[in-house]
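# Fold and geometry: a report
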Amino acid sequence: IKSATIAATAGLNAELAWRNAVHTAAFALENTTPDTANILPPGALQTIEAGKAVIIPNWLTPSETSAICQDVQQCFQDGHFTNFILSRNPNKVDKAANDRWIMPSFSKNRDGTNGPFVDPTIGNFELRHSLKLKMAQVKALLAKEMYDRPTLADDTQTHEMEYLRYGQGALLARHVDEHHLELKRPNGSKLQLKPNASRRSITWLIYLNDDWDGEVDGGQLRLHERQFDSVSYVGARKNDLQVGWLKAFQEKGEQPVFLDPNREGPENETCMLYTIDGSGNKRDLSTRPFANIALYLAGGDKVARSLMVSNGEDAKRLHLIDAPKSLVSSLKTKAGPAEGEDGGERIRDIVPKAGTLVMFDSVSLPHEVLMTNRERFGVQGWFHEKIYT
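Before going into details, it helps to say that this report is about the structure given with it. Sequence positions are assigned chain by chain, starting from 1 and proceeding in written order. In keeping with the model being predicted, local features are shown solely for residues with a pLDDT of at least 70 and side-chain atom pairs are shown and tallied solely at 80 or more, while totals for entire chains, interfaces and linings include all residues. Hydrogens and waters are ignored; side-chain quantities use all the structure's heavy atoms.

## Observations concerning the side chain of Arg100
Spelled out, the test is: Only runs of H or I of at least four residues qualify as helices and only runs of E of at least two qualify as strands under DSSP, and these elements are numbered from the N terminus. N or O atoms within 3.5 Å of each other form a polar contact, as long as, within protein, one can give a hydrogen and the other can take it, and as long as residues adjacent in sequence are counted only when both atoms are side-chain atoms.
Secondary-structure assignment places Arg100 in strand β3 (residues 100–104). At 2.3 Å, the side chain of Arg100 forms a polar contact with the backbone oxygen of Leu171.

What follows is the structure, given as structure tokens:
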């Protein structure tokens, strides 16, 4: 696979090279029995589909992580990183929290212009290229084996892969990596999409620092996972991305809740929440569509339950994954409870030990990064899938 992929990507820009790498890996996976099938441990994909993160210690060898870490440090010292855009907040009381830097593969806002990560004149390009090919194999495997994510292997999908550097004092607040189009802007689902539009589907990170002590050095990835596994596949049903949960209750398991913004109804009243149970049965949560603006009035479970759900039992169980900021929620200054607003979440802290691979669904799993007490390096990326038109 590796030699075929190198040949297929020679002379291409970052975006086209990534697409060809994934396409070649997917073709090999379909037509041969390569080692790609063993690139992840048994049960890894099922863990992601249940709404949890898969953590794989020593996924890269010590020699691999050491070499990559050396390249990251040298590239940072040589000035090839840029300040992470979400860090640019001059009003933060703790200015050190802004100290997050990335070295990207390409600029998605500049028509796929190559970034320093794929520049053969910068640092150890061969090492980065080898890692990129390995991640292309992972992406192809996910496309083949995960439920209804075939466009992960589509050769028109975006490449996001970058070096990451956290300075002392840096942190990242709770968030999810992808949102429903309707939550990004009012009536976002009805706006015209760019050609080959895609979205983040799977988040992944690889840690590089040796001898990391979470108690002393901090910098843990804090996952806000549900207490129980989902009874149905998380993330999305085509363009209907997941926006919430029905909390597990007695004999009823944890069920994902999806948003369909295109039901028949009066103008700007076309949104419907629905859930899918463990048998694959789909069920709407209200008797008629609700107003799109309700998504922005909610700001939390209490209001959402009254505006978006008809059945009282369903309303008691509804929990929004990452509610849009509203006037009410913006006035809150205290962080919520560790168990989440509905009591159904559980915190899991991942120490960023060298060689560890972390992967999870980009839509359904809120996470944050705790304050880092010394310089930390890693590689991060997002596998994209198609936005259907």
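From this point on, the discussion continues.
## Focus on the packing of helix α4 (residues 62–77) against helix α5 (residues 125–145)
For any two helices packed against each other, the geometry comes down to the angle between their axes and how far apart the axes lie. Note the threshold: Between the N-to-C directions of two axes lies an angle of 0 to 180 degrees, each axis being a line fitted to C-alpha atoms and, for a helix, fitted only over the stretch in contact. Between 65 and 115 degrees an angle is taken as roughly perpendicular, under 35 as roughly parallel, over 145 as roughly antiparallel, and anywhere else as oblique. Left-handed describes a crossing whose near helix is turned anticlockwise from the far helix through less than a right angle; right-handed describes the clockwise counterpart. Pairs of residues are marked as contacts when any of their non-hydrogen atoms sit within 4.5 Å. Polar here means any residue outside two lists: the nonpolar Ala, Val, Leu, Ile, Met, Phe, Trp, Tyr, Cys and Pro, and the charged Asp, Glu, Lys and Arg; Gly therefore counts as polar.
Closest axis-to-axis distance for the α4/α5 pair is 10 Å, and the angle between their directions is 120°. One element, α4, and the other, α5, form an angle in the oblique class. Crossing angle aside, the handedness with which α4 passes α5 is left-handed. For the pair formed by α4 and α5, the contact residues are Glu64, Ala67, Ile68, Asp71 and Cys75 on the first element and Leu127, Arg128, Leu131 and Lys134 on the second. Among the residues making up the contact of α4 with α5, the classes are represented as 5 nonpolar, no polar and 4 charged.

## Re α4
The criterion, for reference: To estimate the expected span of a helix, count its residues, drop one, and scale the result by 1.5 Å. Partly exposed describes any residue whose relative accessible area lies between the buried limit of under 20% and the exposed limit of over 50%, with all areas from a 1.4 Å probe on protein chains only and scaled to the type maximum. Arc definition: directions from the helix axis to the C-beta atoms.
If you check α4, its first and last C-alpha atoms are 22 Å apart, about what 16 residues at 1.5 Å a residue would give, namely 22 Å. For α4, the complete set of buried residues consists of Thr65, Ile68, Cys69, Asp71, Val72 and Cys75. Along the axis of α4, the buried residues cluster in a sector spanning 160°; they form a single face. Set apart from the buried face of α4 by more than 90 degrees, the exposed residues are Pro62, Ser63, Gln70 and Gln77. Buried positions along α4 lie against β3, α5, β6 (159–166), β8 (198–207) and β19 (376–386).

## A closer look at the sheet that holds strand β7 (residues 172–175)
Filter applied, for reference: Two strands qualify as a pair provided that DSSP identifies no fewer than 2 bridges between them.
Read from one edge to the other, the open sheet built from 4 strands follows the order β7-β18-β9-β16, with strand pairing classed as antiparallel. Unpaired on one side and paired on the other, β7 and β16 (345–350) mark the two borders of the sheet. Between one strand axis and the next, the sheet turns through 15° on average, direction left out of account. Judged from the 2 bridges that link them, β7 and strand β18 (residues 367–369) form a sheet pairing that is antiparallel. Looking at the pairing, Leu172 lines up with Val369 of β18.

## Describing the nonpolar core
How we decide: In these notes, a set of buried Ala, Val, Leu, Ile, Met, Phe, Trp, Tyr and Cys residues joined through side-chain atoms within 4.5 Å is what counts as a nonpolar core.
Of all hydrophobic cores here, the largest spans 49 residues; its most connected members are Leu40, Trp59, Met135, Leu142, Ile206 and Met359. In terms of residue count, α5 provides more of this core than any other element does, 9 residues in total. Grouped together as the second largest cluster of nonpolar side chains are 18 residues, Leu246, Leu273, Leu285 and Leu320 included.

## Thoughts on the packing of aromatic side chains
Our working definition: To pair, rings of Phe, Tyr and Trp, with the six-membered ring standing in for Trp, must have centres within 6.5 Å; the planes then decide the type, stacked if under 30 degrees apart, edge-to-face if over 60, and tilted in the middle. Ring-over charges, as used throughout, are those where CZ of Arg or NZ of Lys falls within 6 Å of the ring centre and within 35 degrees of the ring normal.
Tallied over the entire structure, the rule returns 7 aromatic pairs. Judged by centre distance (6.1 Å) and plane angle (75°), the ring pair of Phe76 and Trp101 falls under edge-to-face. In this pair, Phe76 sits in helix α4 while Trp101 sits in strand β3, placing the two residues 25 residues apart along the sequence. On the basis of relative accessibility, which here comes to 22%, the residue Phe76 falls in the partly exposed class. Counting every residue linked through ring pairs, the aromatic cluster contains Trp18, Trp204 and Phe383. The lysine or arginine in question, Lys134, covers the ring of Trp59, its NZ or CZ lying 4.3 Å from the ring centre. The positively charged end of Arg376 is found above the aromatic ring belonging to Tyr166, 4.6 Å away from the centroid.

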